[in-house]
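# Coordinates in review
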Amino acid sequence: MSEDRMIKIEEVTSVEAPPKARVEDVETAPEKLERKRDYLEGFLAAKPAAAEPGAVGGDLYEAVVNALKDIFDPEIPVNIYDLGLIYNVEIDEGHVMVTMTLTTPHCPVAESMPAEVELRVGAVPGVGDAEVNLVWDPPWSPQNMSDEARLELGML
């Protein structure tokens, strides 16, 4: 057998003990509490950056989403936003572009639903004009629904 493949056995008689913690290195409870208090005060004092009105989380965006949540599918007792029919909402200087789909291309409201979305979104204060882009790709599926919609339909 070659030397590089030999197993070497080493006998250990003692092991050096690990260093013990020193008392001066330990932070006292009042110091630790004061550090946490400072952090919390700083965190609470920080104000979130104001969102642009048309950006996600902005006032105009939220108003448009709330308008979409007021439109219900006539066959399913769930609003079109929670149903997952709304794919995107873009707002650019008062112009709103809603990209949406329907549950099927043969949906009975295929002609009227996009027009209703356009009217409702256009009526939101701050919206100059609204446009609806009806798409079929990707096709709608029940996985698009929010948990609230699934709960409402007894799917959870």
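The structure we're discussing is the one just above.
Residues numbered from 1 in each chain as written. Predicted model: local features only at pLDDT ≥ 70, side-chain atom pairs only at ≥ 80, totals over all residues. Heavy atoms only, no water.

### A few points about the overall build of the chain
Threshold: Helical segments are the DSSP runs of H or I of at least four residues, strand segments are the runs of E of at least two, and each set is numbered from the N terminus. Three labels apply to residues, based on accessible area from a 1.4 Å probe with only protein chains included: buried if under 20% of the type maximum, exposed if over 50%, partly exposed otherwise in between. Accessible surface is estimated by sampling points in the Shrake-Rupley manner with a 1.4 Å probe; for residues, cover comes only from the protein chains shown.
A count of helical and extended segments in the chain gives four helices and three strands. Beginning at the N terminus, the succession of helices and strands in the chain can be written as α-α-β-β-α-β-α. The buried share of the chain, reckoned over its 156 residues, is 28%. For the chain, the accessible area works out to roughly 11,700 Å², and carbon and sulfur atoms hold 55% of it.

### Structural notes on the sheet that holds strand β2 (residues 95–100)
Test applied: A strand pair is defined by DSSP finding two or more bridges across the two strands. Note on geometry: axes are lines fitted to C-alpha atoms, helical ones only across the stretch in contact, with angles between N-to-C directions running from 0 to 180 degrees. Between two residues, a contact is recorded if the distance between any of their heavy atoms is within 4.5 Å.
One open sheet accounts for three strands, arranged β1-β2-β3; its pairing is mixed. At either margin of the open sheet sits one strand with a lone partner, and together these are β1 (86–92) and β3 (129–134). For this sheet, the mean angle separating the axes of adjacent strands, direction not counted, is 15°. Here β1 runs beside β2; their pairing, made up of six bridges, is antiparallel. Each bridged residue has a counterpart across the sheet, and for N88 the counterpart in β2 is T99. Lying over the sheet, helix α2 (residues 59–68) contacts β1 and β2, oriented at roughly 145° with respect to β1. Sheet contacts for helix α3 (residues 113–122): β2 and β3; angle to β3, the most-contacted strand, approximately 155°.

### Comments concerning the environment of V127
By the secondary structure assignment, V127 is in the loop between α3 and β3. A relative accessible area of 9% means that V127 is categorised as buried. Separated by 63 residues in sequence, V127 and V64 have C-alpha atoms that sit 8.5 Å apart. With residues near it in sequence (within four places) discarded, V127 still touches L60, V64, G94, V96, V121 and G122.

### Considerations on the environment of V124
Here V124 shows up in the loop between α3 and β3. With relative accessibility at 8%, the residue V124 sits in the buried group.

### Observations regarding the side chain of N79
The following threshold applies: For the purposes of these results, a polar contact is taken to be a pair of N or O atoms within 3.5 Å, where, inside protein, one atom must be able to donate a hydrogen and its partner to accept one; residues adjacent in sequence count only when each atom of the pair is a side-chain atom.
Its place among the elements puts N79 in the loop between α2 and β1. Overall, N79 belongs to the buried group, its relative accessible area being 9%. For N79, the side chain forms a polar contact with the main-chain nitrogen of D82, separated by 2.7 Å. Setting aside anything within four residues of it in sequence, one finds N79 in contact with L68, K69, I71 and F72.

### Brief notes about the nonpolar core
The following threshold applies: Here, the term nonpolar core denotes a set of buried Ala, Val, Leu, Ile, Met, Phe, Trp, Tyr and Cys residues that are joined through side-chain atoms within 4.5 Å.
Among the nonpolar cores identified, the biggest contains 30 residues, and V64, L68 and V117 are the most heavily contacted of them. For this core, the leading source of residues is α2, giving six residues. Beyond its immediate sequence surroundings of up to four residues, L68 is in contact with N79, I80, Y81, I86, V89, V117 and V121.

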